[in-house]
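Secondary and tertiary structure notes
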Amino acid sequence: MTHETPPVVTRKKLIEVALPLDAINKASAREKSIRHGHPSTLHLWWSRKPLAAARSVIFAQMVDDPSANPDLFPTERAQARERDRLFRIIEDLVQWENTTNDEVLQRARQEIWQSWRRACADNAEHPRAGDLFNRHVLPSFHDPFAGGGSLPLEAQRLGLEVLASDLNPVAVLINKAMIEIPPHFAGRPPVNSSVRGEQQLMKRSWRGAQGLAHDVRFYGRWMRDEAERRVGHLYPNVSVSAEMASDRPDLARYVGRDLTVIAWLWARTVKSPNPAFADIDVPLASTFILSNRKGKEVYVEPIVESAGYRFAVKTGAPPESARRGTKLGRGANFRCLLSGAPITADYIKNEGRAARMGATLTAIVAEGNRERVYIAPAKERDTLESPLDPQWRPTTLLPNDPRNFWTVQYGLNEFSHLFTSRQLKALTTLSDLAAQSRERIQQDAVAAGISDDGIPLREGGTGAKAYAEAVSTYLALGVGRQANRSATLNVWNTGGEKIEQVFARQAIPMVWSYGEGNPLGNSTGNFVGQLEYTAKALEGSSSAYERGFSVQLDARSRNELPSSILSFDPPYFDNISFADLSDFFYIWLRRSLQSVFPCLFSTLAVPKADELVATPYRHGSKRSAETFFLEGMSQALQRLAKRSDLGFPVTVYFAFKQSEVKRGIEAVRTGWEAFLDALIRAGFGISGTWPLRTERPTGVKKGTNVLASSIVLACRPRASISPSATRREFHDALRREFPQAIVDLQRSNIAPVDLAQASIGPGMAIFTRYRTVVNADGSSLSVRGALALINATLDEVLAEQEGDFDADSRWALTWFDEYGFSEAEYDRAETLSKAKNTSVEGLVRAGIIESRRGTVRILRPSELDADWDPATDARLTVWEMTQYLIRAIASGEKAAAAVADKLGSRAEAARDLAYRLYLISERKRRATDALQYNSLVQSWPEIARLARERPALRQESMLG
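Everything in this summary refers to the structure shown in the same document. Quick caveat: nothing in here was measured; it's all calculated off a predicted structure.

Looking at the overall build of the chain
Of the regular secondary structure elements, the chain holds 31 helices and 30 strands. Against the compact-globule benchmark of 30 Å for 960 residues, the chain has a radius of gyration of 31 Å, which places it among compact chains. Residue burial in the chain is summarised as follows: out of 960 residues, 58% are buried. For the chain, the share of sequence-separated contacts (at least 6 apart) that also reach a separation of at least 24 residues comes to 73%. Counting every atom, the chain has about 39900 Å² of accessible surface; 49% of that belongs to carbon and sulfur. Between the centroid of the 123 positive side chains of the chain and the centroid of its 114 negative side chains there is a distance of 1 Å.

Dropping the structure here:
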């Protein structure tokens, strides 16, 4: 007789029912502006998830929804009260100030523990109870695509033992620095000599990783001082002469003084294409502006002379020519400074490939009395970038990927080409010092009383050798941060008067005018300042909590890892070339840390062949890249499905924009389609979907939307007995359930730019409840077919919402769809007005349109009546309300709140119309209009808050 294994008893989790989205999204948005002490500042990684979002998702993934415990909460009212209590815990949990608040964190851990105990009791007799439901410890957590480490870090903070794995060695190192190394040395005092000489510091209590961070600062300053001794002569001060100040009164106070240079500002050069000046290198300057701070404007004035040209620095309002530099229009098109002849992109590419592209110094920025001092270069302007022997050059080639790497076509095709010789010399020196520091740190650790057991960090050591390797790991990460501020790709920020990082975007750009900072100074882009970010991030780590492990692992590989709680943020199809981009840092980290982590840095560059990204250049075509991604992601998800802890849903973040990319006649599948296909192939169904504001909102660019949200999917293995359905039955289910799902998304204030993306979640939740959906011809409905039905149903739902608007607004909406704000024939307006049960004359009286000379057009927000008052408007329309809000928000959220206050409860209808207007504008590629409507919705929580406060403020004013 055979006995079937009983199924694991599961309880519905909070994430499958409800989340306090407003609180999570507000905290996530706020977190993007927090720099000092934030773990993301340990070292750069792309597309990190906010800690608030990660923490709340993991908590809600593990905690029972009250409806799963009817014995404790038998009524809907009792369940709602309990859900509100859990929401309050999340609302405290997501606050940045509470990331190290033990009382708040302990309340969250206690809730997780109670749900875990119930899971243990439910499955006490299960054959796999020893594996899945250990009664004594919480389950382990695993993120198989760990990347920047937000998810593992927050799981560790919530009391779970954590495994972070990734194929990328830079990601593995970042996770080691965040979750693995700090707990090894938690609570230890620093070992450096300055502490041993200070009794007060010796007696101090060192919590968490504070001691480790103190040593990182100390030995980082030692590195800086030693680098100054070795290469300081390459960073000379600049003297201000009386001649310099003769036409620059602002320099008079500095005559005779040596000033520390903050930055050298360069413009790339090529030989003039004009035969008369063929021997002269002319600048490719994207701008000549140095500072555009109001009242303190500074710019470069190029002066053409018989021998060529020179640069002068001027103060005051700059002419338009200074703003343009030598650029001609868009792209890599310039003009010859001497002759005015055009310099085309093709000419520049040929010059670059022939190694004839150079650079000329346009200005020097020095440190004055609490101000930047801008100085023109001397006549020997090119000598500062004199030939140097940096002893070592990173000769790793850049990929020939024109989508993300824009320097290759200009001849800058290996990493050494992205740095000046002086930058290479400085970075090589610093990376060598990070390695050389280990001997000194180990000696100091022994002197401080730490055992010299010789066990290295990679083998779990905690003695003097391991500690020295740990500190040097953070020093090497500091060098990585320095590289991000020490390349010929750093733009000089004319507003902030500082050096910008290389990776302002997820690509390696081509920069024509760049700033070369002084890493040994005390101002923008200096090494000690970069290392301070690393030290503060270390102090804010979860070092006092559970153990963490970071390993290099392909998510598709077979392994014997135990069942785990799974939450991960997988690669987004072809959005980010992680492996290619991270070579920029790998070349420096490998130089410093190869002996510490020999397996991690065994290759000359980051492994790329197995990276789960649909990169066309790597696979020969878009189709091959898509196939690689789909098959690889399916395999990875199937492996993970077998290892997921069956008592808990798996949570997956996804932020790929839904779009259709044409390749000839045949359509290449979107990232969403490929990923969802892989998810379904792995046997997962979707049990919950949530739009979380995890990306930095950047609005709308050239008619294409940029996501501000990730969709978090809660997934469980699909039951083997799940039913089949026909296409019609699936479509009917969408029509029944989708309207409320869309209303819920809108009420959660999902940005219009993300609405179509977010609606995929609830739509696919319906699709994946069926084992298969069958078309009329007997074939199975594909993921692509399901997405098409979901999108069509979304259009139907939004069209039905129009029925709630007044007749005038419905007319305006249809007209806007067809003509935007452009003019069209009166007869067409009249015909449409009859269909919408209104009239052209009535629309004029309503203040929506202008009708003259046989044409009609909708008034733009800027043309509306400045004295409009909804209380006295005899024909108030939703259209007017929305447009007046758009007009007001151009002056800020307070101005929009004043309008919303006058509208009262009617303002919500205006927001609903903004969703529809955004989708129309985006579909019609009206980028400016789309941006306005998207901004209104995104700002709505703050507008509503300010509007609620206005009556109280008015009353206080009256009483005052």
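From this point on, the discussion continues.
Things to note about the packing of aromatic side chains
Each aromatic ring pair is described using two quantities: the centre-to-centre distance and the angle formed by the ring planes. The tally for this structure, following the rule as stated, stands at 28 aromatic pairs. Relative to Phe585, the ring of Phe584 has its centre 5.2 Å away and its plane inclined at 80°; by these criteria the two rings are edge-to-face. Each member of the pair Phe584 and Phe585 is classed as buried. Taken together, the aromatic side chains of Trp45, Trp46, Trp392, Phe415, Phe419, Phe503, Phe578, Phe584, Phe585 and Trp588 make up a single cluster linked through ring pairs. Sitting above the plane of the Phe334 ring, Lys327 keeps its charged end 4.7 Å from the centroid. Directly above the aromatic system of Phe816 lies the positively charged group of Arg926, at a separation of 5.0 Å from the ring centroid.

Observations concerning the packing of helix H6 (residues 150–157) against helix H7 (residues 169–184)
H7 packs onto H6 with a crossing angle of 25° between their chain directions and a minimal axis gap of 8 Å. Relative to H7, the element H6 is oriented roughly parallel. Here H6 and H7 pass one another in a crossing that is left-handed. Contact residues: Ser150, Pro152, Leu153 and Gln156 in H6; Asn175, Met178, Ile179 and Pro183 in H7.

Some thoughts on the sheet that holds strand E30 (residues 855–858)
Pairing in this open sheet of three strands is antiparallel, and the strands run E28-E30-E29 from one edge to the other. Each edge of the open sheet carries a strand with a single partner, namely strand E28 (824–825) and strand E29 (849–852). Relative to E30, E28 runs antiparallel, the two sharing two bridges. Within the sheet, the bridge partner assigned to Glu825 lies in E30 and is Thr855.

Concerning the sheet that holds strand E25 (residues 710–717)
Read across the sheet, seven strands follow the order E17-E2-E1-E18-E19-E25-E22 without closing on themselves; strand pairing throughout is mixed. Each edge of the open sheet is held by one strand with a lone partner, namely strand E17 (548–552) and strand E22 (684–692). Ignoring strand direction, the axes of neighbouring strands in this sheet form an average angle of 20°. Relative to E17, strand E2 (residues 162–166) is paired through five bridges, and the arrangement is parallel. Paired with Ala164 across the bridge in E17 is Ser550. Strands strand E1 (140–143), E2, E17, strand E18 (564–568) and strand E19 (650–654) of the sheet are contacted by H6, whose axis makes an angle of about 170° with E1.

Some remarks on empty space enclosed by the protein
Tallying each qualifying case throughout the model produces four cavities of 30 Å³ or more. Lining the largest cavity are 31 residues, with Phe145, Gly147, Asp166, Pro571 and Phe578 sitting closest to its centre. Of the residues belonging to the lining of the largest cavity, the class tally is 17 nonpolar, six polar and eight charged. In this structure, the second largest cavity occupies an estimated 50 Å³ of space. Lining the second largest cavity are Pro39, Leu42, Leu153, Ala177, Met178, Tyr474, Ala537, Leu538 and Ser541.

Calculation notes
- Residues numbered from 1 in each chain as written.
- Predicted model: local features only at pLDDT ≥ 70, side-chain atom pairs only at ≥ 80, totals over all residues.
- Heavy atoms only, no water.
- Helix = DSSP H or I, 4+ residues; strand = E, 2+ residues; numbered from the N terminus.
- Rg over C-alpha atoms; globule rule 2.2 N^0.38 Å.
- Buried < 20%, exposed > 50% of the residue type's maximum accessible area, 1.4 Å probe, protein only.
- Contact = heavy atoms within 4.5 Å.
- Areas by Shrake-Rupley, 256 points an atom, 1.4 Å probe, with all protein chains shown as cover.
- Lys, Arg positive; Asp, Glu negative; His and termini not counted.
- Charge placed at Lys NZ, Arg CZ, Asp CG, Glu CD.
- Phe/Tyr/Trp six-rings, centres within 6.5 Å; stacked < 30°, edge-to-face > 60°.
- Lys NZ or Arg CZ within 6 Å of the ring centre and 35° of its normal.
- Axes fitted to C-alpha atoms, helices over the stretch in contact; angles between N-to-C directions.
- Parallel < 35°, antiparallel > 145°, perpendicular 65-115°, else oblique.
- Left-handed = near helix turned anticlockwise from the far one by under 90°.
- Pairing = 2+ DSSP bridges.
- 1 Å grid on protein atoms, 1.4 Å probe; cavity = no way out; pocket = protein on both sides within 12 Å on 5 of 7 lines; lining within 4 Å.
- Points joined across faces, edges and corners; volume = space filled by probe spheres on them.
- Nonpolar A, V, L, I, M, F, W, Y, C, P; charged D, E, K, R; others polar.

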